[in-house]
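Overview (structure and organization)
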Amino acid sequence: MRIDTVPADPSPLLALQRATHATLQLITGELAALEMTASEINALANLADGAPRTVSQLGAAVGARPTTLTSVLDRLERRGLVTRGARAGDRRAVVVELTPAGRAAAGQVRATFGALERRALAGLPPEAVAGFHQVLQALTEVSS
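Here's a quick rundown of the structure. Because the structure is predicted, anything quoted here is derived from the model rather than measured. (Residues numbered from 1 in each chain as written. Predicted model: local features only at pLDDT ≥ 70, side-chain atom pairs only at ≥ 80, totals over all residues. Heavy atoms only, no water.)

Moving on, we get to helix H5 (residues 100-121). Helix length check: H5 (22 residues) gives 31 Å between terminal C-alpha atoms against 32 Å at 1.5 Å per residue, within 8%. Those residues of H5 lying buried are Gly102, Ala105, Ala106, Val109, Thr112, Gly114 and Leu116. For H5, the elements touching its buried residues are helix H1 (12-30), helix H2 (38-47) and strand S3 (90-98). (Helix = DSSP H or I, 4+ residues; strand = E, 2+ residues; numbered from the N terminus. Expected span 1.5 Å × (residues − 1). Buried < 20%, exposed > 50% of the residue type's maximum accessible area, 1.4 Å probe, protein only. Contact = heavy atoms within 4.5 Å.)

Right under this line is the structure:
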């Protein structure tokens, strides 16, 4: 057995954890020119469709605590990638939107995600990918 080979583990959750960390390292490496943390990349990826989100909606999408998300948004706002403002009719709700520079960066993030997905999933049958999505949905539901 090679030293850098991780032994097979019957736990899908542990395998998901390993894959997540490996994927984050790969993505942050491929997007190194953006000089962003994995959390910042995650926020941009979730805003890449261009739809504004409240901070609570974005927090749920990225899986971050409000205090963590606030610091991520502070950094993205200082870089001119997002804006935050009050929601029309509800000044308590803060809405996050991409700026033009943020849309460009988010597009680069989404393109990198798409290329990685194509490389990783190219040899898998559609049923395997569908099964993977079912597992993810089950894990999401039990965590909610």
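Here we come to the side chain of Thr54. Looking at the element boundaries, Thr54 is found in strand S1 (residues 53-54). We classify Thr54 as buried; its relative accessible area is 7%. When sequence neighbours within four positions are dropped, the list of residues in contact with Thr54 reads Arg87, Ala93, Val94 and Val95.

What follows deals with the sheet that holds strand S2 (residues 82-87). Strand order in the open sheet made by the three strands is S1-S3-S2, with antiparallel pairing throughout. Each edge of the sheet is formed by a strand with only one pairing partner; in this case those strands are S1 and S2. In the sheet, S2 pairs with S3 via six bridges, with the strands oriented antiparallel. Considered in S3, the bridge of Gly85 is made with Val95. (Pairing = 2+ DSSP bridges.)

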